[in-house]
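Reading the structure
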Amino acid sequence: MLLKKICLLSIAVGTLSACGSTPTWEKAGATMDERDNLISKCRYQIGINKVDEDEREALLSDCLRAEGYRLVEKD
């Protein structure tokens, strides 16, 4: 299941980057500072749990999605 999420995330990011736009995490009503703080918090939690390197991006994505953020395409 985790491998499937990683593959899907890789495909999604690869597809978006091929279009020349940069995907960003966004949440209605949230500021960039709030987003950046949450990313830092999620990375810290992942780090203290000694998660394998190949699982970190998927867990970061799950953490942000759990807080209501979505990866959206930016021009």
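Residues numbered from 1 in each chain as written. Predicted model: local features only at pLDDT ≥ 70, side-chain atom pairs only at ≥ 80, totals over all residues. Heavy atoms only, no water.

**A short note on the environment of Pro23**
Here is the rule: Think of it this way: any DSSP run of H or I at least four residues long counts as a helix, any run of E at least two long counts as a strand, and we number them from the N terminus.
Tracing the sequence through the fold places Pro23 in strand E1 (residues 22-26). Along the backbone, Pro23 and Leu71 are 48 residues apart, and their C-alpha atoms lie at a distance of 6.1 Å.

**What to know about the state of the cysteines**
Cut-off, in case you're wondering: Throughout, disulfides are identified as pairs of cysteine sulfur atoms within 2.5 Å of each other. Remark: exposure states derive from per-residue accessible area (1.4 Å probe, protein chains only) relative to the maximum for the residue type, with buried under 20%, exposed over 50%, and partly exposed in between.
In the structure shown here, the tally under the stated rule is one disulfide. Disulfide partner of Cys42: Cys63, at an S-S distance of 1.9 Å. Sign of the S-S torsion, about -70° for the bond between Cys42 and Cys63, identifies this disulfide as left-handed. Of this pair, Cys42 sits in helix H2 (residues 32-48) while Cys63 sits in helix H3 (residues 56-66); the two residues are 21 residues apart in sequence, bridging distant segments of the chain. For Cys42, a relative accessible area of 1% translates into the label buried.

**Focus: the pattern of salt bridges**
Here is the rule: Should a side-chain nitrogen of Lys or Arg be within 4 Å of a carboxyl oxygen of Asp or Glu, the pair is scored as a salt bridge.
Taken as a whole and judged by the stated rule, the model has two salt bridges. Notably, a salt bridge pairs Arg56 with Glu53, separated by 3.1 Å at the nearest N-O pair. According to the relative accessible area criterion, Glu53 is exposed, its value standing at 62%.

**Details of unusual backbone geometry**
Across the chain, the bulk of peptide bonds are trans and the bulk of non-glycine residues have phi less than zero. A positive phi angle is found at Lys50, which is not glycine, with a value near 50°. Tracing the backbone shows Lys50 in the loop between H2 and H3.

**Concerning H3**
Keep this limit in mind: Directions drawn from the helix axis to the C-beta atoms are what define this arc.
Among all positions of H3, only Ala58, Leu60, Ser61 and Leu64 are buried. The arc that holds every buried residue of H3, seen down its axis, measures 160°, which confines them to one face. Phi turns positive one or two residues past the end of H3, at Gly68, with a value near 95°.

**Examining the nonpolar core**
Let me state the cut-off plainly: Nine residue types can take part in a nonpolar core, namely buried Ala, Val, Leu, Ile, Met, Phe, Trp, Tyr and Cys, and a core is a set of them joined through side-chain atoms within 4.5 Å. Contacts between residues were defined by any pair of non-hydrogen atoms, one from each residue, lying within 4.5 Å.
In terms of nonpolar packing, the biggest core is built from nine residues, these being Trp25, Leu38, Ile39, Cys42, Ile46, Val51, Leu60, Leu64 and Tyr69. Broken down by secondary-structure element, the contributors of at least two residues to this core are H2 and H3. Apart from residues no more than four positions distant in its own chain, Tyr69 is found in contact with Trp25, Glu26, Lys27, Ala30, Glu34, Arg35, Leu38 and Leu64.

**A word on the confidence of the model for the chain**
The line we're drawing: Scored from 0 to 100, pLDDT reflects the predictor's confidence in each residue.
Residues at a pLDDT of 70 or more form 72% of the chain, whose mean pLDDT is 83. Looking over the chain, one finds the lowest element-wise mean pLDDT in helix H1 (residues 2-18), namely 56, and the highest in H3, namely 96.

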